[in-house]
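For reference, the chains in residue letters:
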Amino acid sequence: MNCRYILFALFCFLFASVSSQTLEEAKTMFNNGEYESAMPVFEKLVKATPSNGNYNFWYGVCCLKTGQPEEALKYLENAVKRKVPSGQLYLAENYDALYLFSDAITTYEAYIADLKRRKRSTEEAENALEKSKVGLRMLRNIDQVCVIDSFVVDKNDFLDTYKLSEEAGELFTYNEYFNTDSMIGTVYETELRDHIYYGKENEDGVV
């Protein structure tokens, strides 16, 4: 019986040591920006202990940084609820990635207020906040497009066929708008005719 107890205790000790070592390795990879390599360890830990704020934070950031903001969202929200430092910054970044700009703005503002209370620099967060505000303004000016029919036309006749509403502005070919025959391209002019948007070839001939 004593022998079995000793073996069991030794097994537990070795298991704890390996787990701790794996966590430390994952944290090192995380701090080095090796998110994809660190993610499997944090995934196992957060699923085993879902109430741990740090595990939620590390796994959520790994998901965000590897292009999985949908997966990251609930973990970063859990990290913020558990007041993990920097959780708000990454949660706001995650909201941005999902085009949830209103949520991003609110989260950035809360994070900035917290930084000010702790007398920390807010420059990075302030810059990110402004980008979210720009994103929100752009999103509010986007119209939903519903395709009710489709047909095939010759490429040269595309703009004559593609009709915009008067409120949406107007499309031209590059050569038509600038009265030239130097480049193939499209020019968009706003309704008020005060702005135009178009692509232009670089030195390599790429638009």
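A quick note: this is a predicted structure, and the numbers were derived from the prediction, not measured.

Calculation notes
Residues numbered from 1 in each chain as written. Predicted model: local features only at pLDDT ≥ 70, side-chain atom pairs only at ≥ 80, totals over all residues. Heavy atoms only, no water. Pairing = 2+ DSSP bridges. Helix = DSSP H or I, 4+ residues; strand = E, 2+ residues; numbered from the N terminus. Axes fitted to C-alpha atoms, helices over the stretch in contact; angles between N-to-C directions. Buried < 20%, exposed > 50% of the residue type's maximum accessible area, 1.4 Å probe, protein only. Lys, Arg positive; Asp, Glu negative; His and termini not counted. Salt bridge = Lys/Arg side-chain N within 4 Å of Asp/Glu carboxyl O. Left-handed = near helix turned anticlockwise from the far one by under 90°. Contact = heavy atoms within 4.5 Å. Nonpolar A, V, L, I, M, F, W, Y, C, P; charged D, E, K, R; others polar.

Within a sheet, adjacent strands bond to each other through the backbone by hydrogen bonds, running parallel or antiparallel. Pairing is antiparallel across the open sheet formed by three strands, whose spatial order is β1-β2-β3. The open sheet has two edge strands with one neighbour each: β1 (170-173) and β3 (196-198). With strand direction ignored, the average angle separating the axes of adjacent strands in the sheet is 25°. Pairing between strand β2 (residues 186-189) and β3: three bridges, direction antiparallel. Bridge assignment links E189 to a residue of β3, and that residue is I196.

Before going further, it helps to examine the side chain of D96. Summarising the element assignment, D96 is placed in helix α5 (residues 87-97). For the buried residue D96, which engages in no salt bridge, the nearest side chain bearing the opposite charge is K131, 8.5 Å off.

Next up on the list: the pairing of β2. The alternating pattern of β2 places V187 and E189 on a buried face and T186 and Y188 on a face that is not buried. Linking two consecutive strands that pair antiparallel, namely β2 and β3, is a turn of six residues; a positive phi of about 60° is found at R193 within it.

All right, on to the packing of helix α3 (residues 53-65) against α5 then. Here α3 crosses α5 at 35°, and the two axes come no closer than 11 Å. Like other packed secondary-structure pairs, α3 and α5 cross with a definite hand, here left-handed. Contact with α3, carried on its side by F57, V61, L64 and K65, involves G87, Y90, E93, N94 and A97 of α5 and no other residues of that element. Grouping the amino acids of the contact of α3 with α5 by side-chain chemistry returns five nonpolar, two polar and two charged.

Interpretation note: all reported values are geometric properties and have no functional meaning in isolation.
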